[in-house]
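# Chains, contacts and geometry: an overview
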Amino acid sequence: VVHAALRQAQKMEAVGRLTGGIAHDFNNLLQGITGSLDLISRKPDDPGRVSRWAGAGLKAAERGARLASQLLSFSRTQKLEIAPIDISKAVDGFVDMLRRSIGPTIQIRTDLKTDGLRVEGDQVQLEMAVLNLALNARDAMPNGGEILITTRLRPLQGDAELPDGDYVELAVKDFGTGMTPEVAERAFEPFFTTKETGKGTGLGLSQVYGTLHQSGGTVRIDSTPGAGTTVRLYLRRTDGRSRDEQQPRLPAAGEAP
Ligand code: ADP
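None of the values given here were measured: they were computed from a predicted structure.

### Comments concerning the packing of helix α3 (residues 87-102) against helix α4 (residues 123-139)
Here α3 crosses α4 at 40°, and the two axes come no closer than 10 Å. With respect to α4, the element α3 is oriented oblique. Crossing of α3 against α4: the hand is right-handed. Residues Ala-90, Phe-94, Leu-98, Ser-101 and Ile-102 of α3 touch α4, and the partners they reach there are Gln-123, Leu-126, Glu-127, Val-130, Leu-131, Ala-134 and Arg-138. When the residues that make up the contact of α3 with α4 are grouped by side-chain class, the tally is eight nonpolar, two polar and two charged.

Given below as structure tokens:
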């Protein structure tokens, strides 16, 4: 009984720390937004400053939105909507959004060798996962650089973790700081971050991990300090049709429409 009570107390303490940290992050962002609005309201006639302050406020608001959706996708109550995804089409479709989110100092190059292949996954969560990986890659290259996104078919047999079968490997590669083995080992832990307060939530890779595991795949990190990092997502290949290919079924001859 004593042990159970102690465990409970420790859990409560951990939850308190986590929620405290989240509230702190949101508070900082809100202060950033309020500050910008306050400055704008004082100098409404100075278009140069107004647009600069509006930009700063927008950035804080976007960060808040990302933090909120990371928390949501992290919470277990959110079920994934698993459906076949045409993987090359999906990556092609959101790479422009990625470029906009990542900013101009980073080039994103793609090499997709999965034309027509479909995988099991939740498209929204998969986009979120690749966005999280690209943001980490950007943070690892503070002076700019290149992110390489590749896809290819990977048949697996006798893998230690995944059942035999065809997978698609989606890799996000950067040439940044890399991770020490100690950091790589803890990188998937929720709330583990090496970034300064207000910069990192420690939830990006937990979201990636949760999404991939719930889709019947996995995620692996290959990182060398000083050389860079490759994160590989493994998604199960499927023969099912993706949503945009599903035709309404026509009535067969003789069947009432
Ligand atoms: P956050 O980015 O908010 O810190 P993540 O869960 O996405 O949270 O990442 C956890 C930690 O893993 C990061 O703080 C960083 O130390 C390390 N990390 C993740 N991706 C990379 C990368 N591409 N290069 C170097 N370190 C990385």
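### Points about helix α6 (residues 204-214)
Counting buried positions along α6 gives eight out of eleven residues, so the element sits mostly inside the fold. Of all the residues in α6, the buried ones are Gly-204, Leu-205, Ser-206, Gln-207, Val-208, Gly-210, Thr-211 and Leu-212. In the segment just after α6, Gly-216 is the residue with positive phi, at about 80°.

### Regarding unusual backbone geometry
In the Ramachandran plot, Phe-191 falls in the positive-phi region, its phi being about 70° despite a non-glycine side chain. For Phe-191, the location among the structural elements is in the loop between α5 (181-186) and α6.

### Thoughts on the environment of Arg-232
Mapped onto the elements, Arg-232 comes out in strand β7 (residues 228-238). We classify Arg-232 as partly exposed; it has 19 C-beta atoms within 10 Å. Setting aside chain neighbours within four positions, we find Arg-232 in contact with Glu-169, Ala-171, Val-219 and Arg-220.

### Observations regarding the nonpolar core
Core analysis: the largest hydrophobic core is formed by 30 residues, its most contacted members being Leu-133 and Val-172. Only α3, α4, β4 (145-156), β5 (165-174), α6 and β7 provide two or more residues apiece to this core. If one sorts the elements of this core by residue count, α4 sits on top with seven residues. Non-local contacts of Val-172, meaning those with residues more than four positions away in its chain, are made with Val-130, Leu-133, Ala-134, Ala-137, Ile-147, Ile-149 and Val-231.

### What about the packing of α4 against α6?
Contact geometry for α4 and α6: axes closest at 9 Å, N-to-C directions at 145°. Crossing of α4 over α6 shows left-handed handedness. Residues Gln-125, Leu-126, Met-128, Ala-129, Asn-132, Leu-133, Leu-135 and Asn-136 of α4 form the contact with α6, whose own contacting residues are Gly-204, Leu-205, Gln-207, Val-208 and Thr-211. Residue classes in the contact of α4 with α6 are distributed as seven nonpolar, six polar and no charged.

### Considerations on the site of the ligand
As a matter of local geometry, the ligand sits amid 23 residues, with Asn-136, Thr-193, Gly-200, Gly-204 and Leu-205 nearest to it. Every element with two or more residues in the shell around the ligand is listed here: α4 and α6.

### Considering the confidence of the model for the chain
Of the residues in the chain, 84% have a pLDDT of 70 or more, and the chain-wide mean is 87. What the predictor reports for the complex is a pTM of 0.74 with an ipTM of 0.99.

### As for α4
With 17 residues, α4 should reach 24 Å at 1.5 Å per residue; the first-to-last C-alpha distance of 24 Å fits that figure. The element α4 is largely enclosed, with a buried count of twelve among its 17 residues. All buried positions along α4 are accounted for by Gln-123, Gln-125, Leu-126, Met-128, Ala-129, Val-130, Asn-132, Leu-133, Ala-134, Asn-136, Ala-137 and Arg-138.

Parameters and conventions
- Residues numbered from 1 in each chain as written.
- Predicted model: local features only at pLDDT ≥ 70, side-chain atom pairs only at ≥ 80, totals over all residues.
- Axes fitted to C-alpha atoms, helices over the stretch in contact; angles between N-to-C directions.
- Helix = DSSP H or I, 4+ residues; strand = E, 2+ residues; numbered from the N terminus.
- Parallel < 35°, antiparallel > 145°, perpendicular 65-115°, else oblique.
- Left-handed = near helix turned anticlockwise from the far one by under 90°.
- Contact = placed C-beta atoms within 7 Å.
- Nonpolar A, V, L, I, M, F, W, Y, C, P; charged D, E, K, R; others polar.
- Buried ≥ 20, exposed ≤ 12 C-beta atoms within 10 Å, placed from the backbone.
- Core = buried A, V, L, I, M, F, W, Y, C linked by C-beta atoms within 7 Å.
- Near = placed C-beta within 6 Å.
- pLDDT = per-residue confidence, 0-100.
- Expected span 1.5 Å × (residues − 1).

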